[in-house]
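Summary of structural features
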Amino acid sequence: WAFESTPDQSPATNDENVNVENNDATVDEIVDEEIIIPEATDDEAAPEAPVVPEKPEYDYPDFEYKIVNAKDIHYCGCNKGPHSSHADLIDGVTIDIYSHKTGKLVGQLAIDSEDIFRYISKQISSEFDYNAQTFEPDTDDEVVNLPKGDYRIEVYAGVWFSYTYGNNTMFELTQCTLTFYGGEIATGYIDYLIADYIAEIEAGNVEAPDPEMAVSKLEFNGLEGYWYGHWIEGGGYLPGYMWEGAGRFTERFPYVEE
């Protein structure tokens, strides 16, 4: 930061009639020579900066796992209706990563690990508090979407929940689409689990998955049908019909940039 003196701010000297223009010294030199900055005394010491509490760090476990195809976890292939599933599907975890700016699926990790499956299910169950609901639907309450950020993370581990990457203040129970405060440990663990993968996405090293591989498309032949409805194929003399969707209370992608 540079100080430039004005005539009113020029330092006093022993000779009140100093002619700056005729003096051999320049104004800058006079300022350098004459201004004395007193040292602060103990009583005048600058106040200490406010203490900012550190974000708590958790000692997350490191479980062994392998990456698989999401269909190994979610899709039995029998096409017997919207809720068909087989017992031989893996008890794994699928993490879908969407860009908040585009609403598109930009990454997916399908993890074969019963340990991770159980750990995430346990954490989200223990942290869930129905009294921490962020708003009351079907009232005049303002809808509370997930916080703005780069990525919307949709996690399926027995329970289906979503949150904003890097923000562990709230999560969404994705099927019912309501948001709740809390979930710091569970969402923080997902952040811990996918941090390197996110870095690879941002480095341009990850090819975007087929959108049809998303959990919302595969699980129960499409959990999006919960919101938008399923088309049920007819058979024999029965005509096809539309299974009505439940709609969403929150926006899935409120931050899409046009």
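Higher on the page you've got the structure.
Source: prediction; values computed, not measured.

Cut-offs applied
Residues numbered from 1 in each chain as written. Predicted model: local features only at pLDDT ≥ 70, side-chain atom pairs only at ≥ 80, totals over all residues. Heavy atoms only, no water. Helix = DSSP H or I, 4+ residues; strand = E, 2+ residues; numbered from the N terminus. Buried < 20%, exposed > 50% of the residue type's maximum accessible area, 1.4 Å probe, protein only. Contact = heavy atoms within 4.5 Å. Pairing = 2+ DSSP bridges. Salt bridge = Lys/Arg side-chain N within 4 Å of Asp/Glu carboxyl O. Core = buried A, V, L, I, M, F, W, Y, C linked by side-chain atoms within 4.5 Å. Axes fitted to C-alpha atoms, helices over the stretch in contact; angles between N-to-C directions. Nonpolar A, V, L, I, M, F, W, Y, C, P; charged D, E, K, R; others polar. Phe/Tyr/Trp six-rings, centres within 6.5 Å; stacked < 30°, edge-to-face > 60°. Lys NZ or Arg CZ within 6 Å of the ring centre and 35° of its normal.

1. What to know about the overall build of the protein chain
- The helix and strand tally for the protein chain stands at 6 helices and 9 strands.
- In the protein chain, which comprises 258 residues, the share counted as buried stands at 36%.
- The contacts of the protein chain with a sequence gap of at least 6 include a subset with a gap of at least 24, amounting to 61%.

2. Section: the pairing of strand E7 (residues 178-181)
- For strand E6 (residues 167-173) and E7, the ladder comprises 4 bridges, and the chain directions are antiparallel. What sits directly across from Leu173, in E7, is Leu178.
- Hairpin geometry of E6 and E7 is characterised by an intervening segment of 4 residues between the two adjacent antiparallel strands and by a positive phi of about 70 degrees at Thr177.

3. Quick look at the environment of His230
- Its location among the elements puts His230 in strand E8 (residues 230-232).
- His230 sits 13 residues away from Trp243 along the chain, and the two C-alpha atoms are 4.9 Å apart.

4. Overview of the sheet that holds strand E4 (residues 151-157)
- Taken together, the 7 strands give an open sheet; going across it, the order is E1-E3-E2-E4-E5-E6-E7, and neighbouring strands pair in antiparallel fashion. Pairing within the sheet leaves two strands with one partner each, and these edge strands are strand E1 (66-67) and E7.

5. As for the pattern of salt bridges
- Under the defined criterion, the tally for this structure stands at 8 salt bridges.
- The salt bridge partner of Arg152 is Glu154, with a shortest N-O separation of 2.8 Å.
- Between Glu172 and Arg152 there is a salt bridge; the shortest N-O distance is 2.7 Å. You can see Glu172 sitting in strand E6 and its partner Arg152 sitting in strand E4, a full 20 residues away along the chain. You'll find Glu172 and Arg152 in the same group, each marked buried.
- Taken together, the shared-partner salt bridges in this structure form one network comprising Arg152, Glu154, Glu172, Lys217, Glu224, Arg248 and Arg252.

6. Quick look at the nonpolar core
- Val93, Ile95, Ile97, Ile153, Ile190 and Ile194 are the most contacted members of the largest nonpolar core, which has 31 residues in total.
- Sorting the residues of this core by element identifies strand E2 (93-99), strand E3 (105-112), helix H3 (114-127), E4, strand E5 (159-164), E6, E7 and helix H4 (184-202) as the ones contributing at least two each.
- Per-element accounting of this core gives the leading share, 8 residues, to H4.
- The next biggest cluster of nonpolar side chains, apart from the first, holds 6 residues, and it includes Val68, Ala70, Ile73 and Ala110.

7. As for the packing of H3 against H4
- Here H3 crosses H4 at 145 degrees, and the two axes come no closer than 7 Å. Residue-level inspection shows Ile116, Tyr119, Ile120, Gln123, Ile124 and Glu127 of H3 in contact with H4, the latter providing Glu184, Ile185, Ala186, Tyr189, Ile190 and Leu193.
- Split into classes, the residues belonging to the contact of H3 with H4 amount to 9 nonpolar, 1 polar and 2 charged.

8. With respect to the packing of aromatic side chains
- Tallied over the entire structure, the rule returns 11 aromatic pairs.
- Residues Phe171 and Phe180 carry aromatic rings whose centres are separated by 6.1 Å and whose planes lie at 25 degrees to one another, so their mutual orientation is stacked. Of the two residues, Phe171 and Phe180, neither departs from the other in class, the shared state being buried.
- Ring pairs connect the aromatic residues Tyr60, Phe63, Tyr119, Tyr189 and Tyr192, which therefore count as one cluster.
- Above the ring of Tyr98, the side-chain terminus of Arg252 is found at 5.1 Å from the ring centroid.

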